Amino acid sequence: QVQLVESGGGLVQPGGSLRLSCAASRSISRADSMDWFRQAPGRQRELVAAITSSGGTNYAESVKGRFTISRDYAKNTVYLQMNSLKPEDTAVYYCNVNIAGVGGTVRNYWGQGTQVTVSS
């Protein structure tokens with residue numbers, strides 16, 4: 001099992017920046033993907049950014065050029081740097097990790113979520 005603890009959310013004005021952090025309770029393999037999702041009230045949870053098992057990154061079209069996902073492997077932590085924030089970025093942001101297990105299974109773990117509010 002792995003626990004994911006998120007931090008860094010808060011209230012910012014449009015155009016501001018935040019950096020979210022997600023720390024895992026144990027070592028996460030470089031081969032295991034780590035993602036950030038978000039969910040706004042009344043909306044489906046959506047993928048925001050991901051670091052894949054191959055080391056690549058991908059982003060939702062709405063955040064490309066503004067958000068950057070990164071990992072600190074020594075700290076078992078994934079970050080989401082969010083710049084040029086817009087009101088539509090307001091949501092609860094969730095950290096996710098997919099861990100390969102025995103028999104080719106994949107276990108999916110989620111953080112508790114951290115609120116990001118962009119408002120003037």
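Scroll up to find the structure.
Residues numbered from 1 in each chain as written. Predicted model: local features only at pLDDT ≥ 70, side-chain atom pairs only at ≥ 80, totals over all residues. Heavy atoms only, no water.

### Focus on the side chain of threonine 77
- Structurally, the position occupied by threonine 77 is in strand 8 (residues 77-82).
- Looking at threonine 77, the relative accessible area reads 8%, which means it is buried.
- A polar side-chain atom of threonine 77 sits 2.9 Å from the main-chain carbonyl oxygen of lysine 75.
- Filtering out sequence-adjacent residues up to four positions away, threonine 77 remains in contact with Ser21, Cys22, Ala23, Ser70, Arg71 and Asp72. (Helix = DSSP H or I, 4+ residues; strand = E, 2+ residues; numbered from the N terminus. Buried < 20%, exposed > 50% of the residue type's maximum accessible area, 1.4 Å probe, protein only. Polar contact = N/O pair within 3.5 Å; in protein donor to acceptor, adjacent residues only side chain to side chain. Contact = heavy atoms within 4.5 Å.)

### Observations regarding the pairing of strand 11 (residues 114-118)
- The alternating pattern of strand 11 places Thr114, Val116 and Val118 on a buried face, while none of Gln115 and Thr117, on the opposite face, is buried.
- Alignment of strand 2 (residues 10-12) against strand 11, held across three bridges, turns out to be parallel. Within strand 11, the residue paired with glycine 10 across the bridge is valine 116. (Pairing = 2+ DSSP bridges.)

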